[in-house]
Amino acid sequence: SDWSSDVCSSDLYGVSLGGNLVMNLVSRVPVRAAVLGAPAAIWFLGITMPAAHGPDAFKDAKPDPEISRKNIEPIRTPILILVGTADGLLPVTTLLHDALTAAGKSVRMEVYEHGYHDFCLGPQGQKRPDLPQGEALFDSALDALEKSVAFVKAKSE
């Protein structure tokens, strides 16, 4: 049998550009479950990088319909997306979720109030002048971790 026709018994987790990588992987090789933390699925959706930088840089982002269709069509992996409302990539993440849903894929998105871009990793000891309260939201990070574990566990049963 063709190796790509069988679901790999692995699970994948990717944050930020790692989420973009995970999406590219699951479009080629189905795995048991994938969790995306604050995914920067910019290239997966064929979004042109904006000229401006800042928190609203992606607010008017538009996916390339052909690239999105080509990448989404083969997906057979259930996907959990974790994103925060303070993440400048929330519009991209919403586009990803909506495109997966429209294509009939198994996807769930959890949105965390005030969650910054990589909140799901928890405090990493970085100086973050972009965050008024620094790396906070430890409770949200724990909740995201618990949801990730429960999601993956449910897919392995």
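This is a predicted model, so every value here is computed, not measured. (Residues numbered from 1 in each chain as written. Predicted model: local features only at pLDDT ≥ 70, side-chain atom pairs only at ≥ 80, totals over all residues. Heavy atoms only, no water.)

Caption draft 1: Just the sheet that holds strand β1 (residues 8-15), in detail. As summarised here, the arrangement of the 4 strands in space is β1-β2-β3-β4, forming an open sheet in which the pairing is parallel. Strands at the two margins of the open sheet, each flanked by one partner only, are β1 and β4 (107-112). The average undirected angle you get between the axes of adjacent strands in this sheet is 10 degrees. In this structure, β1 lies alongside strand β2 (residues 31-37), joined through 6 bridges in parallel fashion. Paired with Gly-14 across the two strands is Leu-36, which belongs to β2. (Pairing = 2+ DSSP bridges. Helix = DSSP H or I, 4+ residues; strand = E, 2+ residues; numbered from the N terminus. Axes fitted to C-alpha atoms, helices over the stretch in contact; angles between N-to-C directions.)

Caption draft 2: Spotlight on the pairing of strand β3 (residues 79-84). For β3, the tally of buried residues reaches 6 of 6 residues, placing the bulk of the element in the interior. Alternating residues of β3 divide into Ile-79, Ile-81 and Val-83 and Leu-80, Leu-82 and Gly-84, and every residue in both groups is buried. The pairing of β2 with β3 spans 4 bridges and is parallel. The residue of β3 that forms the bridge with Leu-36 is Ile-81. Tracing the backbone out of β2, into helix α2 (residues 65-72) and back to the parallel element β3 gives a crossover that is right-handed. As defined by bridge partners, β3 adjoins β4 across 6 bridges and the pair is classed as parallel. From the neighbouring strand, Ile-81 faces β4, where its bridge partner is Met-109. (Buried < 20%, exposed > 50% of the residue type's maximum accessible area, 1.4 Å probe, protein only. Right-handed = clockwise from strand over helix to strand, strands pointing away.)

Caption draft 3: Here's a closer look at the environment of Ser-16. Along the polypeptide, Ser-16 turns up in the loop between β1 and α1 (17-26). Separated by 21 residues in the primary sequence, Ser-16 and Gly-37 have C-alpha atoms spaced 6.5 Å apart. Those residues in contact with Ser-16, other than ones at most four positions away along the chain, are Gly-37, Ala-38, Pro-39, Ala-40 and His-117. (Contact = heavy atoms within 4.5 Å.)

Caption draft 4: Structural view of the nonpolar core. The biggest cluster of nonpolar side chains holds 23 residues, and the ones touching the most others in it are Met-23, Val-26, Phe-44, Ile-79, Val-92, Leu-96 and Leu-100. Discounting chain neighbours no more than four positions away, the residues touching Val-26 are Leu-12, Val-31, Ala-34, Ile-75, Thr-77 and Ile-79. Of all hydrophobic cores here, the second largest spans 11 residues; its members include Ala-33, Tyr-116, Ala-144 and Phe-151. (Core = buried A, V, L, I, M, F, W, Y, C linked by side-chain atoms within 4.5 Å.)

Caption draft 5: Structural context of the side chain of Lys-105. You can see Lys-105 is positioned in the loop between α3 (90-102) and β4. Glu-73 provides the closest opposite charge to the buried, unpaired Lys-105, separated from it by 7.6 Å. A polar atom in the side chain of Lys-105 sits 2.8 Å from the backbone oxygen of Glu-73. Apart from the residues within four sequence positions on either side, Lys-105 is in contact with Ile-72, Glu-73, Ile-75 and Leu-100. (Lys, Arg positive; Asp, Glu negative; His and termini not counted. Salt bridge = Lys/Arg side-chain N within 4 Å of Asp/Glu carboxyl O. Polar contact = N/O pair within 3.5 Å; in protein donor to acceptor, adjacent residues only side chain to side chain.)

Just geometry here; none of it tells us what the structure is for.
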